[in-house]
Amino acid sequence: MNITILGIESSCDDTSAAVIRDGIILSNVTASQAVHEQYGGVVPELASRAHQQNIIPVVDKALKDAGVAPEDLSAVAFTRGPGLMGSLLVGVSFAKGLALARNLKLVEVNHLQGHVSAHFIKRSADDDNQPRFPFLCLLVSGGNSQILLVKDYMDMEMIGQTIDDAAGEAFDKCAKVMGLGYPGGPLIDRLAKSGNPDAFRFAKPSIQGYDYSFSGLKTSFLYTLRDNLKLNPDFVEDNKEDLCASLQKTVIDILMQKLIKAAKDLKITEIALAGGVSANSGLRSAFEELHTRRGWRVFVPPFAFTTDNAAMIACAGYHKYLKGIFCDQTAAPFSKTTIK
Ligand code: KG4
């Protein structure tokens, strides 16, 4: 029997829909929201309004691209949280409405579990290149920086997380004070390629366990700008590449240090990367090094599945479907970070 899942993702500023059949991706359509660029960050109210406009055409295109009619669907999987409440409400309400109208099963998906599930998406029937359980997943995005111990498709434990800013947030905020634009991560990544990563030294946190902190790095970055701008008003312009390269190196060092510690402590050498920041070329290279230097098995997602996308939600929904885990029309969105 074919199991065909429509996935819907609307947790932040991307409206996405995807269709997965028996774990194999058939389509993945995402409408990004340019409206936030002028504000240097996501404006929640504008995000919800854009989701309202995008959701029907995006779902329509995902079904058409997949060659699937609504009556062919087995279930609708949707992101229930964590995320922005107004944004989530659009996807959750749409999913519930469609399920009701078409008499479809409903599957709620935790957005963070969705990011991990990006590693289980099959490109073809014989695609079996996925991490073996248990593995560690470094989940880094604009809102999250976590180390997850993944024991099974739906059994994940958060063993470390940021106590303040997320890694992507650190990139975005530092890019903002340099006047680079939004989102800052890709811009910093590009400029860092022609800079010296050892030109500047920024603070690294020293906290216990596997938790992260990026607010000290952000403050020391700001102090470096403030002190140097007093001496040279063109300091940022003159040193953009070196500032970006040094910042990027520090973020990666912080992320990798805790991840390697966790891997050694737990004796796990199967390591995956997920979330928007996994598009970062320096971080991807650091992962490749885990393989070349230590012989660990590493899994870095294709670019299409790094940022928010519905393919990962449909994939997580597929594995929940197989286990018979469904929800009903009372499922309400939640904003708080949790992995359950
Ligand atoms: O997962 P995601 O799309 O959603 C949110 O959590 O918002 O992640 C977006 C984050 C942003 O902070 C963005 O700056 C960062 O991912 N990002 C990058 C790169 N591409 C996106 N950070 C560093 N380097 C990149 N190449």
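Our structure is the block above this text.
Keep in mind that what you see is a predicted model, and the values were worked out from it rather than measured.

Before going further, it helps to examine the packing of helix 5 (residues 184–192) against helix 7 (residues 235–266). Between helix 5 and helix 7, the shortest axis-to-axis distance is 8 Å and the interhelical angle comes to 110°. Regarding the angle of helix 5 to helix 7, the classification is roughly perpendicular. As helix 5 packs across helix 7, the resulting crossing turns out to be left-handed. Two secondary-structure elements touch here, helix 5 through Ile188, Asp189, Leu191 and Ala192 and helix 7 through Lys240, Glu241, Cys244, Ala245, Leu247 and Gln248. Residue composition of the contact of helix 5 with helix 7, grouped by class: six nonpolar, one polar and three charged.

Moving on to the side chain of threonine 306. Along the chain, threonine 306 falls in the loop between strand 10 (297–299) and helix 9 (310–323). Residue classification places threonine 306 among the buried residues on the basis of a relative accessible area of 2%. For threonine 306, the side chain forms a polar contact with the main-chain oxygen of phenylalanine 303, separated by 2.7 Å. Apart from the residues within four sequence positions on either side, threonine 306 is in contact with His115, Gly275, Gly276, Ser278, Ala279, Arg284 and Pro301.

The next point concerns the pattern of salt bridges. Tallying each qualifying case throughout the model produces 21 salt bridges. A salt bridge links lysine 323 to aspartate 152, with the nearest nitrogen and oxygen atoms 3.7 Å apart. Of this pair, lysine 323 sits in helix 9 while aspartate 152 sits in strand 7 (residues 145–152), and the two are 171 residues apart along the sequence. A residue is classified by how much of its surface remains accessible, and lysine 323, at 44% relative accessible area, is partly exposed. Since its relative accessible area comes to 27%, aspartate 152 is described here as partly exposed.

Turning to the packing of helix 4 (residues 167–177) against helix 5, a few remarks are in order. Helix 5 packs onto helix 4 with a crossing angle of 75° between their chain directions and a minimal axis gap of 7 Å. Here helix 5 runs roughly perpendicular to helix 4, going by the angle between their axes. The segment helix 4 lies against helix 5, with Phe171, Asp172 and Ala175 engaging Gly184, Gly185 and Ile188. Residues that form the contact of helix 4 with helix 5 fall into these classes: three nonpolar, two polar and one charged.

Before going further, it helps to spend a moment on the site of the ligand. Near the ligand, the surroundings consist of 17 residues, among which Gly142, Asp172, Asp189, Gly276 and Asn280 are the closest. Glycine 143 is positioned such that a nitrogen or oxygen atom in its backbone is 3.3 Å from an oxygen atom of the ligand. Isolated, the ligand exposes 550 Å² of accessible area, and the fraction of that covered by the protein chains is 88%. Contributions of two or more residues to the shell around the ligand are made by helix 4 and helix 5. Per-class residue counts for the shell around the ligand are five nonpolar, nine polar and three charged. Here the shell around the ligand gathers at least three residues from each of two domains, domain 1 (4–128 + 305–322) and domain 2 (135–302).

What counts, and where the lines are drawn
Residues numbered from 1 in each chain as written. Predicted model: local features only at pLDDT ≥ 70, side-chain atom pairs only at ≥ 80, totals over all residues. Heavy atoms only, no water. Axes fitted to C-alpha atoms, helices over the stretch in contact; angles between N-to-C directions. Helix = DSSP H or I, 4+ residues; strand = E, 2+ residues; numbered from the N terminus. Parallel < 35°, antiparallel > 145°, perpendicular 65-115°, else oblique. Left-handed = near helix turned anticlockwise from the far one by under 90°. Contact = heavy atoms within 4.5 Å. Nonpolar A, V, L, I, M, F, W, Y, C, P; charged D, E, K, R; others polar. Buried < 20%, exposed > 50% of the residue type's maximum accessible area, 1.4 Å probe, protein only. Polar contact = N/O pair within 3.5 Å; in protein donor to acceptor, adjacent residues only side chain to side chain. Salt bridge = Lys/Arg side-chain N within 4 Å of Asp/Glu carboxyl O. Near = heavy atom within 4 Å. Areas by Shrake-Rupley, 256 points an atom, 1.4 Å probe, with all protein chains shown as cover. Domains from an automatic or database assignment.

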